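Here is how the chains run, residue by residue.
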Amino acid sequence: MLTIDCKDVSSVQNELLVYVADKVEAIPTLKHHQFTLSTLDDDDVLEVESVISAIKEYFDSINEGSNFAVISNNEFINITSVNGKVLQSESKSQDGNMFSCTHCGFITQYQVELNVHMRIHYL
């Protein structure tokens, strides 16, 4: 499991999570200013290089590739601003809380809906 710290890019964290998870075929779990990626099969291993490459591709696609460094330290990847500026989203959509299922990666903005969803894993 890899943890990606998005403190400097929290405004695009959700879009980044979706892009990277699709690119490396992993299950994402959303956290506060972070997300984790897990493999579909417990025996598989996520390659850190492919995750870093996907993150860099995403930032290149939004023309921010030269403003952020992607630094790896074992199972932790940090996205750091090179010039000290924090990435601001152009559209101020709901900067609300998102809740994620730790079993399958299901994402919702409602805690009650997540609680109901998680019950299906224990039937």
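Since we're looking at a predicted model, the values are computed, not measured.

S.K.: Whenever I open this one, the confidence of the model for the chain confuses me. Can you help?
M.R.: Reading predicted coordinates in detail is not appropriate for stretches of low pLDDT. Chain-level pLDDT for the chain is 84 on average; 93% of the residues reach the 70-or-more range. Here residues 91-95 is modelled with pLDDT under 50, and outside its nearest four sequence neighbours on either side it reaches one contact, counting other chains as well.

S.K.: What is the right way to read unusual backbone geometry from this model?
M.R.: What you tend to see is this: most non-glycine residues have negative phi, and most peptide bonds are trans. Not every positive phi belongs to a glycine, and Glu 25 is a case in point at roughly 55°. When you line up the elements, Glu 25 lands in the loop between helix 1 (13-24) and strand 2 (27-31). One non-glycine residue, His 33, lies in positive phi territory at about 60°. In this structure His 33 comes out as partly exposed when scored by relative accessible area, which is 28%.

S.K.: I'm lost on the sheet that holds strand 4 (residues 68-73) in this one. Help?
M.R.: Sheet strands pair by backbone hydrogen bonding; their relative direction is either parallel or antiparallel. An order of 2-3-1-5-4 is seen for the five strands of this open sheet, with the pairing classed as mixed. Only two strands of the sheet have a single neighbouring strand rather than two, namely strand 2 and strand 4. With direction set aside, neighbouring strand axes in the sheet form an average angle of 20°. With five bridges joining them, strand 2 and strand 3 (residues 34-38) adopt antiparallel strand pairing. Paired with Ile 27 across the strands is Ser 38, a residue of strand 3.

S.K.: I'm lost on the pattern of salt bridges in this one. Help?
M.R.: If charged atoms from side chains of opposite charge come close, those side chains can pair. The final tally for this structure, using the stated rule, is one salt bridge. Ionic pairing is found between Glu 57 and Lys 23, a salt bridge with its closest N-O pair at 3.2 Å. Note that Glu 57 is positioned in helix 2 (residues 48-61) and Lys 23 in helix 1, a separation of 34 residues in sequence. Overall, Lys 23 belongs to the partly exposed group, its relative accessible area being 46%.

S.K.: Any chance you could explain the packing of aromatic side chains here in plain terms?
M.R.: Two measures describe an aromatic ring pair: the distance that separates the ring centres and the angle between the ring planes. Enumeration according to the criterion identifies three aromatic pairs in this entry. Ring centres of Tyr 19 and Tyr 58 lie 5.7 Å apart, and the angle between their planes is 50°; this geometry places the pair in the tilted category. Taken together, the residues Tyr 19 in helix 1 and Tyr 58 in helix 2 connect sequence positions 39 residues apart. When the centroid spacing of 5.6 Å and the interplanar angle of 75° are considered together, the rings of Tyr 58 and Phe 59 count as edge-to-face. Of the residues examined, Phe 59 reaches a relative accessible area of 2% and is grouped as buried. A connected cluster of aromatic rings, assembled from ring pairs, spans Tyr 19, Tyr 58, Phe 59 and Phe 68.

Calculation notes
- Residues numbered from 1 in each chain as written.
- Predicted model: local features only at pLDDT ≥ 70, side-chain atom pairs only at ≥ 80, totals over all residues.
- Heavy atoms only, no water.
- pLDDT = per-residue confidence, 0-100.
- Contact = heavy atoms within 4.5 Å.
- Helix = DSSP H or I, 4+ residues; strand = E, 2+ residues; numbered from the N terminus.
- Buried < 20%, exposed > 50% of the residue type's maximum accessible area, 1.4 Å probe, protein only.
- Pairing = 2+ DSSP bridges.
- Axes fitted to C-alpha atoms, helices over the stretch in contact; angles between N-to-C directions.
- Salt bridge = Lys/Arg side-chain N within 4 Å of Asp/Glu carboxyl O.
- Phe/Tyr/Trp six-rings, centres within 6.5 Å; stacked < 30°, edge-to-face > 60°.

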